[in-house]
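Inside the fold
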Amino acid sequence: MMTDNYWEKVYQTKETDQVSWYQEKDFHLLNLLESLHLPTNAHIIDVGSGASLLIDHLLELGYKNLSVLDLSATALKTTQTRLKAKNLDATAVKWITADVCRVNLPKHFFDVWHDRAVFHFMVSQEQQEQYLKIMRNSLKNKSFVAISTFSENGPTQCSGLPVERYSIEKMKKRLGSDFKLYEYDIELHETPWGSTQEFLNTLWVFDAQPS
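Residues numbered from 1 in each chain as written. Predicted model: local features only at pLDDT ≥ 70, side-chain atom pairs only at ≥ 80, totals over all residues. Heavy atoms only, no water.

A word on the overall build of the chain
Each helix and strand counted, the chain has 6 helices and 9 strands in total. Scored against the burial criterion, the 211 residues of the chain give a buried share of 52%. Considering only intrachain contacts with a sequence separation of at least 6, the fraction spanning at least 24 residues in the chain is 71%. Carbon together with sulfur atoms contributes 48% to the accessible area of the chain, which is approximately 10,500 Å² in total. (Helix = DSSP H or I, 4+ residues; strand = E, 2+ residues; numbered from the N terminus. Buried < 20%, exposed > 50% of the residue type's maximum accessible area, 1.4 Å probe, protein only. Contact = heavy atoms within 4.5 Å. Areas by Shrake-Rupley, 256 points an atom, 1.4 Å probe, with all protein chains shown as cover.)

Structural data, given as structure tokens:
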């Protein structure tokens, strides 16, 4: 079970580039955004952003309507400080310190929901259902959902916590028929200390009126 205090401790005791999920650049999402030709005024939310560099890159590309959600206020403060040092406009971002399973998000608002390595921490059916309920309510029809989890061959734990591993068929079943698969791939992610973790990267179109 994830708690605010747990992730606060992680981000208070580890450098940004010394957590297993660290990426210098999230080429997967950035390439997707380019291929989808999304306008720079698209509403994008990065769920479980931590101190990720993704927001830096999105601002540099000119995206104006960004939301960042994480349990850790320390992680979000780290990102804000880094953006200021780069002369990037942190005021263009809505900062949300909250649990994604309990947060109150605007309805039918987002064009893109991005989650790299949060959903796989939802190990109970109750957590998964609450996450999906909040996500569905916040998405516009025909919006895009990018979710990355550990694959079936990935680790069984992350940061000392159990995770749920996914195949593409298992993810299809878990999301339900109102999410249409757009594309997916398997990624071998190298951690800062040189080990590899296998991720399942998926992109879906949210269709509020499934056929």
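Let's talk about the side chain of Glu187
Along the chain, Glu187 turns up in strand S8 (residues 179-190). It is Arg116 that comes nearest to the buried, bridge-free Glu187 among opposite-charge side chains, at 4.6 Å. Of note is the side chain of Glu187, whose polar atom sits 3.0 Å from the side chain of Asn201. (Lys, Arg positive; Asp, Glu negative; His and termini not counted. Salt bridge = Lys/Arg side-chain N within 4 Å of Asp/Glu carboxyl O. Polar contact = N/O pair within 3.5 Å; in protein donor to acceptor, adjacent residues only side chain to side chain.)

Digging into the nonpolar core
Counting 29 residues, the largest nonpolar core has Val100, Leu105, Trp113, Tyr131 and Met135 as its most contacted members. Contributions of two or more residues to this core are made by strand S1 (43-47), strand S4 (110-116), helix H5 (125-138), strand S5 (139-150), helix H6 (168-175) and strand S9 (196-206). Per-element accounting of this core gives the leading share, 4 residues, to H5. Those residues in contact with Leu105 that lie beyond four places of it in its chain are Ile45, Leu69, Ile96, Phe110, Trp113, Ile134 and Ser138. Tyr63, Val68, Leu76 and Leu203 belong to the second-largest nonpolar core, a separate cluster that totals 24 residues. (Core = buried A, V, L, I, M, F, W, Y, C linked by side-chain atoms within 4.5 Å.)

Overview of the pairing of S4
Most of S4 is tucked away: 7 of the 7 residues are buried. Note: S1 against S4, 4 bridges, orientation parallel. Within the sheet, the bridge partner assigned to Ile44 lies in S4 and is Val112. Where S4 and S5 come together, 6 bridges link them in parallel fashion. (Pairing = 2+ DSSP bridges.)

Thoughts on the confidence of the model for the chain
Overall, the predicted model of the chain reaches an average pLDDT of 86, with 84% of residues at or above 70. Across residues 17-22, where pLDDT falls below 50, the model places 25 contacts with residues more than four positions away in sequence or in other chains. (pLDDT = per-residue confidence, 0-100.)

What about H6?
Within H6, the full set of buried residues consists of Ile168, Met171 and Leu175. Buried residues of H6 fall within an arc of 60 degrees about the axis and therefore sit on the same side. Turned more than 90 degrees from where H6 packs its buried face, Glu169 and Lys173 sit exposed. A positive backbone phi angle near 100 degrees is found at Gly176, which sits one or two residues after H6. (Arc of directions from axis to C-beta.)

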